[in-house]
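Analysis of the macromolecular model
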Amino acid sequence: MIKLLWLSGITCNANTHSFLNYPFIEQFLNDFEFIYHPVLDSSYTLQEIVSNEIECDVLLIEGSISPEFQRADVSIEDIIRKYAPKVQKIVTVGTCATFGGIFSQSDYKDVTGLHFDKEQKNQKFENLFDKTISISGCPIHPEILVNTLYAIKGDIALRLDNFLRPKEFYAYTVHNGCVRNEYFEYKVDAHQFGELEGCMFYDHGCQAPFTHASCNKILWNEVNSKTRVGLPCFGCTEPTFPKANLFTTKKNMGVPENLPLGVGKRVYLTLAGITKAFKIPRLEKKLLDD
Amino acid sequence: MIKLIEKIEGEAKLNFSFKDEKIDFVTIEFMSTRNIENILKGKHALDALVINPRVCGICGHAHLIATVQALEDCYEDLKISNKAKIIRELTLNFELIQNHFKWFYLTLLPLFGHKQQVLKATYPSQLMAKAIALFGGQYPHTSYTIVGGVVCEPTEMDIIKLNHYIDETIRFFENNLVKTDSNSFLLSDKIDKFLEYEGDLITILQQIKEDDMLALGKSYDRFISFGENSYFKKAKSIKTKVNDSVSIEYVKESDIPSSFAKSVTFKENYYEVGPLARAMINKAALVKDSHRKYGDSIFSRILARVCETSQLLAHSKKLLERLDLSEPSYINPNVDISKINGSGTSAVEAARGSLIHKVELQNGIIQNYEIITPTQWNLSGGTKKKQGVSQKAMIGLSDTKTAELVFKTFDVCSVCTTH
Ligand code: SF4
Ligand code: SF4
């Protein structure tokens, strides 16, 4: 049985609760043992975890890290230093633990992720770099965390990107699979909130075309995604999360400042010019009207 | 004697002092704060809709609803469709329901010597999360409701799906918590008769009776609630006397020297918030009968939280009947938020009680933001002379284990408290 330690840094606990949304949680709990989890019954108390050295295979870290932050009166960095060398793998669970996330703006000193301070690589825990896998997201998608843990259990070699995120999940952009794709492709830029139609890339800040994640491939709660309902993607899996002015698209002379991944400005403008020349009646009218 | 209380969405330290082998006083200490209010300063108003759900991973949706209502309160006359209002109320209900299930099966059962029932917690709460995701795209941490309405445009097919999620959750409740059909359950008004049913709730309530714990956890018998919608009322209840002249104006926050949490009072007094408070204000028959017999004890508090789950499920079905999909989901505000100068206040009922947000905007930029969370009300720390609600409930007990039980019947949320 693989033993897991779920350690919380500076966090809102949403990764903990998102994990509880995994549909086959019973199966998971049969295959893994939590020596400590912040909500679920576990073999040890937090007090015991910080004052002893309990055997453990995978260290899961949720929340951002600051040298000032303590859990049960012990510095979070010391707890990491105690358990990290012994475990087989470390998984940073969520954007805070990976990049610092929103709580890097809190009042604590030097708040970062385990290995990254936004895009910048940290030196502090460099010796642990090779055993870490990042599952970014604010919060994490339960299936992505769970399947990664099964990959660790099954000794499956995961290909990782520069931020140590498994490519199987993070090589996609959130834009892949959005039901609003046609409005994007043909540059129908009249999106209004509260409608089935339209793409939020042009005016309403959708960051999906340049955000690495599988939200429109592996749906949330098995039913939906932000962009499908009409909410822009805020880029929560990226080191830059959260950016500012999240509901508007920043543009320079009418061109979005951030273009789809790998698409240069010239390509974008050429394509935009062509699509703009056509009018596609189907995309100009309401989807469900005659 | 200091005891670290774990698994309350974080931890807290209870420092007990004993006199004649009874708890004579207890201080409650939270060891950290993230200072979200500071993070919000200088940010674009709408960004608060993305930041604030991150106050709390278990009740973040209440923070979203409180945020959008505080921002909308900054406008002079903003139009919101009935449809958007109903959808907001529905998704908030779903969060309350899922929180209550998690509390019962994950937090409460172990306190009574039973094993946690993870699947019984996650099955209904996943259904409720799906129900939120139908409108919000995901749960936790959606920002689907914005100034002017909601971003989604649900179709009849979504509503069919939603009805199935709700019905299945009702069925789960009827098969597990109280084994009867919800209609007879909702009509119960005599606690003794009610205890003749079977089910997980009944098991716990019987255990309280058999183990002589009926008198545990009584406090001031003083309740308050600020959130208003088609189900909850803004009012206070002193014992059973309900009075609806309450104004947020008289709510005051103050520092507690030993803790990162802040105390909160209404007209200088501590009040209990949460399901028991709401049931007393709503005069929910069964809870009132329990209160008449057993007062504001753990028995009534536990009963109230579970009853509310069933009531909110039934009420959500009624709300759905009133939903008119032909109305607009979103009405573009007549003034862009970047031109808004002013302040706004909101109150919503979150799982654990009244949640208050206050915002000040200048040209659509946040100048100041204040959040008062439900747990702050129940856990406000007072002095020996003037104890807080949960402090008072623990005094006189003879051991810290029972004190922990009493403490946790308030459904403590550490992350909210240390926002
Ligand atoms: S709304 Fe976002 S995810 Fe959907 S098509 Fe447009 S850019 Fe892509
Ligand atoms: S859609 Fe974007 S903001 Fe939403 S969860 Fe996915 S990556 Fe995060």
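Above this note sits the structure.
The residue numbers shown here count from 1 along each chain, following its written sequence. Here chains are named by letter from A upward and ligands by number from 1 upward, in the order in which they appear as written. This being a predicted model, a pLDDT of at least 70 is required before a residue's local features are given, and a value of 80 or more before pairs of side-chain atoms are given or counted; all residues contribute to the totals for chains, interfaces and linings. Calculation of side-chain values draws on the structure's entire complement of heavy atoms; hydrogens and water are dropped beforehand.

1. Some details on the overall build of chain B
The helix and strand inventory of chain B stands at 16 helices and 13 strands. Throughout, radius of gyration means the C-alpha value; the globule benchmark is 2.2 Å times the number of residues raised to the power 0.38. Taking 22 Å as the expected radius of gyration for a compact globule of 419 residues, we find that chain B reaches 21 Å, a close match to that expectation. Along the first, second and third principal axes, the C-alpha atoms of chain B reach 65 × 50 × 35 Å. Exposure classes here rest on a 1.4 Å probe applied to the protein chains alone. A residue is buried below 20% of its type maximum, exposed above 50%, and partly exposed in between. Each of the 419 residues in chain B was classed as buried or not, and the buried ones make up 66%. Relative to all contacts within chain B whose residues are 6 or more apart in sequence, the contacts with residues 24 or more apart total 70%. Counting from the N terminus, the helices are DSSP H or I runs at least four residues long and the strands are E runs at least two residues long. Contacts between residues were defined by any pair of non-hydrogen atoms, one from each residue, lying within 4.5 Å.

2. So, the packing of aromatic side chains
Two aromatic rings are characterised by how far apart their centres lie and by the angle between their planes. Each Phe, Tyr or Trp ring, with Trp reduced to its six-membered ring, pairs with another whose centre is within 6.5 Å; inter-plane angles below 30 degrees give stacked pairs, above 60 give edge-to-face pairs, and intermediate values give tilted ones. Tallying each qualifying case throughout the model produces 36 aromatic pairs over all chains. Look at Phe-193 of chain A and Phe-247 of chain A: their rings are 6.4 Å apart centre to centre, the planes differ by 70°, and that puts the pair in the edge-to-face class. Highlighted residues: Phe-193 of chain A in the loop between α8 (181–185) and α9 (226–229) and Phe-247 of chain A in the loop between α9 and β10 (251–252), separated in sequence by 54 residues. When sorted by exposure, Phe-193 of chain A lands in the same class as Phe-247 of chain A, which is buried. Relative to Phe-172 of chain B, the ring of Phe-101 of chain B lies with its centre 5.7 Å away and its plane at 75°, an arrangement referred to as edge-to-face. Here Phe-101 of chain B, found in helix α4 (residues 82–111), pairs with Phe-172 of chain B, found in helix α6 (residues 156–176); they are 71 residues apart in sequence, far enough to count as distant. Summarising the burial analysis for this pair, Phe-101 of chain B and Phe-172 of chain B share the class buried. Grouped by ring-pair contacts, the aromatic residues Phe-101, Phe-104, Tyr-105, Tyr-123, Phe-172, Phe-173, Phe-185, Phe-194 and Tyr-197 of chain B constitute a single cluster.

3. Remarks on the site of ligand 2
The cutoff for a nearby residue is simple: one of its non-hydrogen atoms must lie within 4 Å of the molecule or strand. All residues adjacent to ligand 2 are Val-174, Thr-211, Cys-215, Trp-220, Lys-226, Cys-233, Phe-234, Gly-235, Cys-236 and Thr-237 of chain A together with Gln-138 of chain B. The environment around ligand 2 is built from residues contributed by chains A and B.

4. Describing the site of ligand 1
Every residue near ligand 1 is listed here: His-175, Cys-178, Arg-180, Asn-181, Phe-184, Cys-199, Met-200, Phe-201, Cys-206, Ala-208, Pro-209 and Thr-227 of chain A. Of the residues contributing to the shell around ligand 1, the split by class is eight nonpolar, three polar and one charged. Side-chain classes follow a simple rule in which Ala, Val, Leu, Ile, Met, Phe, Trp, Tyr, Cys and Pro form the nonpolar group, Asp, Glu, Lys and Arg form the charged group, and the remainder, Gly included, forms the polar group.

5. Observations regarding the environment of Thr-375 of chain B
Residue and element names in this part refer to chain B. Tracing the backbone through its elements, the reader meets Thr-375 in helix α13 (residues 374–379). Classification of Thr-375 as buried rests on a relative accessible area of 3%. Distance in space between the C-alpha atoms of Thr-375 and Cys-416 is 7.2 Å, their sequence separation being 41 residues. Beyond its immediate sequence surroundings of up to four residues, Thr-375 is in contact with Arg-352, Ser-380, Asp-411, Val-412, Cys-413 and Thr-417.

6. Overview of the sheet that holds strand β7 (residues 235–238) of chain B
Residue and element names in this part refer to chain B. Any two strands with at least two DSSP-identified bridges between them are counted as paired. With antiparallel pairing, three strands are arranged side by side in an open sheet as β6-β7-β8. Whereas interior strands pair on both sides, the edge strands pair on one side only; in this sheet they are β6 (222–225) and β8 (241–243). Strand after strand, the sheet turns through a mean of 15° between neighbouring axes, direction not considered. With three bridges joining them, β7 and β8 adopt antiparallel strand pairing. With axes taken as lines fitted to C-alpha atoms, and helix axes fitted only over the stretch in contact, angles between N-to-C directions fall between 0 and 180 degrees.

7. Comments concerning the interface of chain A and chain B
Contacts between the two partners involve 59 residues from chain A and, on the opposite side, 60 residues from chain B. Counting the surface lost from both chain A and chain B, the interface buries some 4,900 Å², and carbon and sulfur atoms represent 57% of this. Of all residues in chain A, the largest losses of buried area upon contact with chain B belong to His-17, Val-229 and Phe-247 of chain A, amounting jointly to 11% of the total for that side. Within this document, salt bridges are pairs made up of a side-chain nitrogen of Lys or Arg and a carboxyl oxygen of Asp or Glu, the two lying within 4 Å of each other. In this structure, the connection of chain A to chain B is made through three salt bridges. Between Arg-71 of chain A and Glu-11 of chain B there is a salt bridge whose closest N-O contact spans 2.9 Å. We define a polar contact as two N or O atoms separated by no more than 3.5 Å, with the added condition that, inside protein, one atom must be a possible hydrogen donor and the other a possible acceptor, whereas residues neighbouring each other in sequence contribute only through side-chain atom pairs. Inspection of the chain A/chain B interface yields 32 residue pairs in polar contact (both at pLDDT 80 or more). If you list the elements that add at least two residues to the side of chain A that touches chain B, you get α1 (14–19), α2 (25–31), α3 (46–51) and α9 of chain A. Across the side of chain A that touches chain B, the residue classes tally to 32 nonpolar, 18 polar and nine charged. Put simply, buried area is the surface a 1.4 Å probe can reach on two separate parts but cannot reach once they are joined, added for both.

8. Here we look at the pairing of strand β3 (residues 22–29) of chain B
For a regular strand, side chains alternate in direction, first toward one face of the sheet and then toward the other. Residues and elements named next belong to chain B. Two elements, strand β2 (residues 12–19) and β3, share seven bridges in a ladder whose sense is antiparallel. Along β3, the bridge assignment pairs Ser-17 with Phe-25. In this structure, the hairpin formed by β2 and β3 is closed by a connection of two residues, where Asp-20 is found at a positive phi of approximately 50°.

9. Structural notes on the sheet that holds strand β3 (residues 58–62) of chain A
All names here are of chain A. An order of β2-β1-β3-β6-β9 is seen for the five strands of this open sheet, with the pairing classed as parallel. This sheet does not close on itself; its edge strands, each paired only once, are β2 (32–36) and β9 (132–135). On average, each strand axis in the sheet is inclined to that of its neighbour by 25°, with strand direction left out of account. Sheet strands in contact with helix α4 (residues 76–83) are β1 (2–8) and β3, and its direction is about 165° off that of β1.

10. Points about the side chain of Glu-62 of chain A
Residues and elements named next belong to chain A. Looking at where Glu-62 falls in the secondary structure, it is placed in strand β3. For the buried residue Glu-62, which engages in no salt bridge, the nearest side chain bearing the opposite charge is Arg-71, 7.8 Å off. At 2.8 Å, the side chain of Glu-62 and the side chain of Trp-6 are in polar contact. Among the polar contacts made by the side chain of Glu-62, one reaches the main-chain amide nitrogen of Asn-15 at a distance of 3.1 Å. Only four residue types enter the charge count, namely Lys and Arg as positive and Asp and Glu as negative; His and the chain termini do not.

11. Remarks on the state of the cysteines
Here, the term disulfide refers to a pair of cysteine sulfur atoms separated by no more than 2.5 Å. Counted according to the given criterion, the structure contains zero disulfides over all chains. With no disulfide of its own, Cys-56 of chain B has Cys-59 of chain B as its nearest cysteine by sulfur position, at a separation of 3.5 Å.

12. Let's talk about unusual backbone geometry
Going from Cys-138 of chain A to Pro-139 of chain A, the amide bond is cis rather than trans, its omega being 5°. Tracing the chain through its elements places Pro-139 of chain A in the loop between β9 and α6 (142–153). Phi angles above zero are rare outside glycine, and Asp-212 of chain B is one such case at about 65°. Locating Asp-212 of chain B in the fold gives a position in the loop between α9 (200–210) and β6. Residue Asp-212 of chain B is classed as exposed on the basis of its relative accessible area of 71%.

Nothing here speaks to function; it is all geometry.
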